[in-house]
Amino acid sequence: MRIIGGKYRSRVLSEFAGEEVRPTSDRVKESLFNILALKLYGARVLDLFSGSGALGLESLSRGAKEVVFNDCAKDSIAILKKNLATLKIAVGGEEAKVINYDYAVCLETLRGQFDLIFIDPPYRFDYGEKALNKIAQKGLLTDKGIAVYERDRAFEGEIEGLEKYDERKYGKTYITFFRKTAETGENV
């Protein structure tokens, strides 16, 4: 696993051993960040199910101002901190905040809004839709903010306060993009 672009390009990141954790593939990550390229500079980002931190670290590499990393697994936080140290990014500094909460507790305690929120939960659980509902309820997206939901199937249904405006399929991975609905904010 590596950083695809930006100031940390080609830097190799630590990752999990075994089959329990499913990091976003480099191919999917490259496509995703090509889509988001114009949204990253100066952005405030939330990597809600951060794992090793690959999505948030890619965001910092490409010009994000701040990334809040969250994961409930202590093993994930340890690998994330190792990756931050490898890139010489201070934990708790201006660029990177690390939280070790359940996603629901994290969303409940966050302050301020985000320009970009990554939602990449374990596929076997239905946390993503619940997270999107909480993000909409708490108004955690800026008016032109984007929530990106990664899962193993197309998104069906509706999220009150958010609209699905794009969805892409890469092999077995679906990336779904959400923004505030017209009633709750300006569209992108």
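Scroll up to find the structure.
So, a few notes on the structure that sits alongside this text. (Residues numbered from 1 in each chain as written. Predicted model: local features only at pLDDT ≥ 70, side-chain atom pairs only at ≥ 80, totals over all residues. Heavy atoms only, no water.)

Section: the overall build of the chain
Right, on to step 1. In terms of helices and strands, the chain carries five helices and seven strands.
Right, on to step 2. Listed by position from the N terminus, the elements making up the chain come as α-β-α-β-α-β-α-β-α-β-β-β.
Right, on to step 3. Taking the principal axes of its C-alpha atoms as reference, the chain extends roughly 45 × 35 × 30 Å.
Right, on to step 4. In the chain, of all internal contacts separated by at least 6 residues, the share reaching a separation of at least 24 is 63%.
Right, on to step 5. By element, 48% of the accessible surface of the chain is carried by carbon and sulfur atoms, the whole surface being about 9,300 Å².
Right, on to step 6. Of the charged side chains in the chain, 30 are positive and 29 negative; the average position of the first set lies 5 Å away from that of the second. (Helix = DSSP H or I, 4+ residues; strand = E, 2+ residues; numbered from the N terminus. Contact = heavy atoms within 4.5 Å. Areas by Shrake-Rupley, 256 points an atom, 1.4 Å probe, with all protein chains shown as cover. Lys, Arg positive; Asp, Glu negative; His and termini not counted. Charge placed at Lys NZ, Arg CZ, Asp CG, Glu CD.)

As for the pattern of salt bridges
Right, on to step 1. Overall, the coordinates contain ten salt bridges when judged by the stated rule.
Right, on to step 2. In this structure, the salt-bridge partner of Asp-152 is Arg-153, at a minimum N-O distance of 3.0 Å.
Right, on to step 3. Where salt bridges share partners, they join Arg-44, Glu-66 and Lys-97 into one cluster. (Salt bridge = Lys/Arg side-chain N within 4 Å of Asp/Glu carboxyl O.)

Here's the deal with the nonpolar core
Most often, soluble globular proteins keep nonpolar side chains buried together rather than apart.
Right, on to step 1. Membership of the largest hydrophobic core comes to 31 residues, with the highest contact counts inside it found for Leu-32, Leu-57, Phe-118 and Val-148.
Right, on to step 2. Among the elements of the structure, α1 (26-40), α2 (54-61), β2 (66-70), α3 (74-86), β4 (114-119), β5 (141-151) and β7 (173-180) are those that each provide at least two residues to this core.
Right, on to step 3. Ranked by residue count, the leading element in this core is α1, at five residues.
Right, on to step 4. Non-local contacts of Leu-57, meaning those with residues more than four positions away in its chain, are made with Ile-3, Leu-13, Ser-52, Phe-69, Asn-83, Leu-84, Leu-87 and Ile-89.
Right, on to step 5. Counting 23 residues, the second largest nonpolar core, distinct from the first, contains Leu-48, Ile-99, Tyr-103 and Phe-178. (Core = buried A, V, L, I, M, F, W, Y, C linked by side-chain atoms within 4.5 Å. Buried < 20%, exposed > 50% of the residue type's maximum accessible area, 1.4 Å probe, protein only.)

Details of the environment of Ala-73
Right, on to step 1. Summarising the element assignment, Ala-73 is placed in the loop between β2 and α3.
Right, on to step 2. Assessed through its relative accessible area of 29%, Ala-73 is described here as partly exposed.
Right, on to step 3. Between the C-alpha atom of Ala-73 and that of Lys-39, which follows or precedes it by 34 residues, the distance is 29 Å.

Focus: the sheet that holds strand β1 (residues 44-47)
Right, on to step 1. Taken in spatial order, the seven strands make up an open sheet running β3-β2-β1-β4-β5-β7-β6, and their pairing is mixed. The open sheet has two edge strands with one neighbour each: β3 (96-99) and β6 (162-170). Each neighbouring strand pair of the sheet contributes to a mean axis angle of 15°, computed without reference to strand direction.
Right, on to step 2. Sitting on the sheet, α1 touches β4, β5, β6 and β7, and the angle it makes with β7 is about 15°.
Right, on to step 3. Packed onto the sheet, α2 meets β1, β2 and β4 and runs at close to 175° relative to β2. (Pairing = 2+ DSSP bridges. Axes fitted to C-alpha atoms, helices over the stretch in contact; angles between N-to-C directions.)

Describing the packing of aromatic side chains
Right, on to step 1. Going through the model one piece at a time under the given rule, you end up with eight aromatic pairs.
Right, on to step 2. Judged by centre distance (5.7 Å) and plane angle (45°), the rings of Phe-33 and Phe-118 are tilted. With Phe-33 in helix α1 and Phe-118 in strand β4, this residue pair connects regions lying 85 residues apart in the sequence.
Right, on to step 3. Between Tyr-149 and Phe-155, the aromatic rings sit 6.2 Å apart at their centres with planes inclined by 70°, giving edge-to-face as the arrangement. Taken individually, Tyr-149 and Phe-155 each receive the classification buried, so the pair is uniform in this respect.
Right, on to step 4. Joined through ring pairs, the aromatic side chains of Phe-49, Tyr-103, Phe-125 and Tyr-127 make up one cluster.
Right, on to step 5. Sitting above the plane of the Phe-114 ring, Arg-44 keeps its charged end 4.1 Å from the centroid. (Phe/Tyr/Trp six-rings, centres within 6.5 Å; stacked < 30°, edge-to-face > 60°. Lys NZ or Arg CZ within 6 Å of the ring centre and 35° of its normal.)

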